[in-house]
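Working through the structure, step by step
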Amino acid sequence: MKKIEHIGIAVKNLEASNLLFEKLLGVSNYKMEEVLSEGVKTSFFKSGPNKIELLEASNENSPIAKYIEKRGEGVHHIAFEVDDIISEMARLQKEGFQLLSDKPKKGADNKLVAFVHPKSCNGVLVELCQEAP
Ligand code: ZN
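Criteria and thresholds
- Residues numbered from 1 in each chain as written.
- Predicted model: local features only at pLDDT ≥ 70, side-chain atom pairs only at ≥ 80, totals over all residues.
- Heavy atoms only, no water.
- Donors = N, O, S within 2.8 Å, 3.2 Å for Na, K, Ca; no water.
- Tetrahedral: all angles 85-135°; square planar, octahedral: opposite > 155°, others 65-115°.
- Helix = DSSP H or I, 4+ residues; strand = E, 2+ residues; numbered from the N terminus.
- Buried < 20%, exposed > 50% of the residue type's maximum accessible area, 1.4 Å probe, protein only.
- Phe/Tyr/Trp six-rings, centres within 6.5 Å; stacked < 30°, edge-to-face > 60°.
- Lys NZ or Arg CZ within 6 Å of the ring centre and 35° of its normal.
- Polar contact = N/O pair within 3.5 Å; in protein donor to acceptor, adjacent residues only side chain to side chain.
- Contact = heavy atoms within 4.5 Å.
- Pairing = 2+ DSSP bridges.
- Axes fitted to C-alpha atoms, helices over the stretch in contact; angles between N-to-C directions.
- Salt bridge = Lys/Arg side-chain N within 4 Å of Asp/Glu carboxyl O.
- pLDDT = per-residue confidence, 0-100.
- Expected span 1.5 Å × (residues − 1).
- Arc of directions from axis to C-beta.

**Examining the coordination of the zinc ion**
Donor atoms from the polypeptide that bind the zinc ion are His 6 (NE2), Glu 53 (OE), His 77 (NE2) and Glu 127 (OE), placed at 2.0 to 2.2 Å. What the four donor atoms of the zinc ion show is an angle range of 83 to 167° at the metal, which sorts the shape as irregular. Mapped onto the sequence, the residues coordinating the zinc ion show the spacing H-x46-E-x23-H-x49-E. One end of the pair, His 6, is in strand 1 (residues 3–10); the other, His 77, is in strand 5 (residues 74–81), and 71 residues separate them in sequence. We note that His 6, like His 77, is buried.

Here it is in structure tokens:
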């Protein structure tokens, strides 16, 4: 894995959180994007070289809605950038990590993404992401 690509934060109200993070970071978000397949609306901020992704559920079956119901708002996942998501998924599987999908999916921000189950990673939801070709 190359670096932390972004940190994902689950929020109840994206509009309100956009204002909050704008105040916190001193910059406006640079992009908003809805990922229909995942049931999320996202908003991206830059802090120096780092990125923060705010996630709001766009329907009640969204994984974000379920997460907030169970655990409240807060840090939802850590995303790592990889060069080759297929081989990284295979490597992690071999190491005993449980992946949430067999194949990468199309995520926000023009990325191919896959997730490692938090149960197999000390309670942390890990996202792998690769720039989509
Ligand atoms: Zn993410």
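Let us keep going from here.
**Things to note about the packing of aromatic side chains**
This structure, assessed with the given rule, holds two aromatic pairs. Measuring from ring centre to ring centre gives 6.2 Å for Phe 21 and Phe 45, while their planes differ by 45°; the resulting arrangement is tilted. Of the two residues, Phe 21 sits in helix 1 (residues 14–25) while Phe 45 sits in strand 3 (residues 40–47), which places them 24 residues apart along the sequence. Take Phe 21 and Phe 45: they sit in the same class, and that class is buried. Over the aromatic face of Tyr 30 sits the side chain of Lys 46, whose NZ or CZ is 4.2 Å from the ring centroid.

**Focus: the side chain of His 77**
Judged by relative accessible area, His 77 falls into the buried class, the value being 3%. Within the local environment of His 77, its side chain forms a polar contact with the side chain of Glu 127, the two groups lying 2.8 Å apart. Here His 77 is in contact with His 6, Ile 7, Gly 8, Glu 53, Leu 55, Phe 115, Leu 125 and Glu 127, once residues within four sequence places are set aside.

**Considerations on the sheet that holds strand 1**
Sheet architecture is open: eight strands sit in the order 2-3-4-1-5-8-7-6, paired in mixed fashion. Each edge of the open sheet carries a strand with a single partner, namely strand 2 (31–35) and strand 6 (105–106). Two elements, strand 1 and strand 5, share seven bridges in a ladder whose sense is antiparallel. Each bridged residue has a counterpart across the sheet, and for Gly 8 the counterpart in strand 5 is His 77. Across the sheet, helix 1 is in contact with strand 1, strand 2, strand 3 and strand 4 (50–57); its angle to strand 3 comes to roughly 5°. The strands touched by helix 3 (residues 85–94) within the sheet are strand 7 (111–116) and strand 8 (126–131), with strand 8 carrying the most contacts at an inclination of about 155°.

**A word on the pattern of salt bridges**
Under the definition given, this model contains 12 salt bridges. Where Glu 38 meets Lys 105, a salt bridge forms, and the shortest distance between an N and an O atom there is 2.9 Å. Here Glu 38, found in the loop between strand 2 and strand 3, pairs with Lys 105, found in strand 6; they are 67 residues apart in sequence, far enough to count as distant. Measuring nitrogen to oxygen at the nearest pair gives 3.5 Å for the salt bridge that ties Lys 111 to Asp 109.

**Thoughts on the confidence of the model for the protein chain**
Any residue range with low pLDDT should be treated as having predicted coordinates unsuitable for detailed reading. Across the protein chain, the average pLDDT comes to 96, with 100% of residues at 70 or higher. Confidence, read as mean pLDDT per element, is least for strand 6 in the protein chain (92) and greatest for helix 1 (98).

**As for helix 1**
In this model, helix 1 (12 residues) spans 16 Å end to end at C-alpha, consistent with the 16 Å of a helix rising 1.5 Å per residue. Within helix 1, the full set of buried residues consists of Leu 14, Ser 17, Asn 18 and Phe 21. Along the axis of helix 1, the buried residues cluster in a sector spanning 110°; they form a single face. Those residues of helix 1 that are exposed and aimed more than 90 degrees away from the buried face are Glu 15, Leu 19, Leu 20 and Lys 23. For helix 1, the elements touching its buried residues are strand 1, strand 2, strand 3 and strand 4. Among the residues of helix 1, the N-terminal cap falls to Asn 13, whose side-chain oxygen and the backbone nitrogen of Glu 15 are separated by 3.0 Å.

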